[in-house]
Amino acid sequence: MSSLPKILPRQQQESALRFSQLPDWLAWQESLHFTAIELGLDRCNKVAERMGLLNPASKVISISGTNGKGSSAAMLDAMLRQSGYKVGAYTSPHLTRYNERICIDGKQVTDYRLCHSFNRIDQARGDISLTYFEFGTLAALDIFQSSEPDVIILEVGLGGRLDAVNILDADIALIVTIDLDHEKWLGYTRESIGREKAGIFRRQRPAVCSDTCAPESIAACARETGALLKQAGQEFTYTIDNDTWTWKCSDKVYAGLPKPSINNNRQVENAAGVLMVLETLADEFPVSQETIKVCLRDFRLAGRFQVIPGEIPCILDVAHNRQAVSALVENVKKIPCVGETHIVIGMLKDKNHTAVFEKLAEIADRWYVVELQADRAASLSELTGALEKYESSEKIKQFQTVHEALEDAEACTCIGDRIIVTGSFVTVGCAIDHLNSR
């Protein structure tokens, strides 16, 4: 044990801080590890073990999948908190502020708390190199340990089996929809990706899959691990009837449920999985049907088909892969538009730009392409090269910032038109800052 780094008592940490400001910590973390993404549990697990973070007293719910993780986490968080339980939630990425990633009872943690948690991690890691995401995950677990929530909700960052979140044994695992994304790390088929996502399953513990067309690998992993799988379309079902929907599981029926988004039926699928998770928690953490209805009715989540009304309505959606963009296009087509649709888009370079543009071309009239200010940003030449397969060059404009692109789009639109901002969390986050500054 003498070789382990010494972790100073909390009261001594202020004078020992490597940095005192959150932006300095984050900038340092981005350059600490040799690559932005490196899957694997060993590094994070060792540091968590040194800090005593691997066996929280709280009930742990881990969420993996391709699309819908953030929405499902937000619904669970709201319903549990509305029922009087203390909840810690860890989600990623953030839209406008890093603190969004770690919340206690719906409130973002402070810069001060993050800085001190980062310092504890820095002391504990010794010579272990950690990625930006691993630092954030350990900070969440450290903050939750001192906050003692009843329930911890953890959103997987990438995949599941080798994601830093998976250092904890989830009491309940939730898998949302499965589709192609992050193929370089997870594989090029839904079956291989499903297997990676199902890596959060644990023996004799409940697992829920809200994907009604889940790949067979999900059920196969449940059988192999001995997880107790409840799958949409089998152990639980839902039906949509105009403005309401009905959820069924065995002899339990919730009828007349409000849609969590009037413009986005895909959120009903997420909500159905959330209700199955709540059903598995019912003995310990009961949630009433009335609470469920209130939370579904009031559900809002920034950047998920978020419609900003006005003379020129603006739709913000973080869609950045084939499945998510297909849902975006499906939802847009339901909303009448007498004018043109102007699309502001910036993407990361590891995304399938061609698949995204092919789908968006069904609704687009004008394009405003942005090279994001991010390490993994796709260049303007990459994006326009992919887009010109589906659109003539005279309908495409290029910009260095989302702010410039939105200003130009706003100047070029007239009443009856609409603007859609999509392609990445970074793109939508910048758009939110732009809209808030007006």
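Predicted model only: the values in this text are computed from it and were never measured. The numbers attached to residues start from 1 for each chain and follow its sequence in the written order. Local features in this predicted model are restricted to residues of pLDDT 70 or higher, and side-chain atom pairs are both shown and tallied only at a pLDDT of 80 or more, whereas totals for entire chains, interfaces and linings draw on every residue. To obtain the side-chain values, all non-hydrogen atoms of the structure were used and water was disregarded.

## Side note on helix 16 (residues 425-437)
Alright, step 1. Over its 13 residues, helix 16 extends 18 Å from the first C-alpha to the last, a length consistent with the 18 Å expected when each residue adds 1.5 Å.
Alright, step 2. Buried residues along helix 16 sit in contact with strand 12 (306-308), strand 13 (314-316), strand 14 (341-345), helix 15 (402-412) and strand 17 (418-422).
Alright, step 3. Any pair of nitrogen or oxygen atoms within 3.5 Å is treated as a polar contact; in protein, a donor-acceptor pairing is required on top of that, and neighbouring residues in sequence qualify only through side-chain atoms on both sides. Helix and strand definitions here come from DSSP, where helices need a minimum of 4 consecutive H or I residues and strands a minimum of 2 consecutive E residues; each element is numbered from the N-terminal end. Its side-chain oxygen placed 3.0 Å from the backbone nitrogen of Val-426, Ser-424 serves as the N-cap of helix 16. Here, expected helix span is obtained from the residue count minus one, scaled by 1.5 Å. Should any heavy atoms of two residues lie within 4.5 Å, those residues are considered in contact.

## Examining the pairing of strand 10 (residues 244-249)
Alright, step 1. Relative to strand 10, strand 9 (residues 236-241) runs antiparallel, the two being bridged by 6 bridges. Residue pairing for strand 10: Tyr-238 is matched across the bridge by Trp-247.
Alright, step 2. The turn linking strand 9 back onto strand 10 is made up of 2 residues, and Asn-242 within it adopts a positive phi angle of 55 degrees.
Alright, step 3. The loop that links strand 10 with its antiparallel partner strand 11 (residues 252-258) comprises 2 residues; one of these, Ser-250, has a positive phi angle of about 55 degrees. Only strands joined by at least two bridges in the DSSP assignment are considered to pair.

## As for the sheet that holds strand 9
Alright, step 1. Taking strand neighbours across the sheet as the criterion, the 3 strands line up as 9-10-11 in an open arrangement whose pairing is antiparallel. Looking at strand neighbours, the two that pair on one side only are strand 9 and strand 11, the edges of this open sheet. Taken over all neighbouring pairs, the strand axes of this sheet differ in orientation by 15 degrees on average, direction set aside.
Alright, step 2. Along the sheet face, helix 10 (residues 266-281) touches strand 9, strand 10 and strand 11 and points at about 35 degrees away from the line of strand 10. Helix axes use the C-alpha atoms of the stretch in contact, all axes being lines fitted to C-alpha atoms, and the angles between their N-to-C directions lie in the range 0 to 180 degrees.

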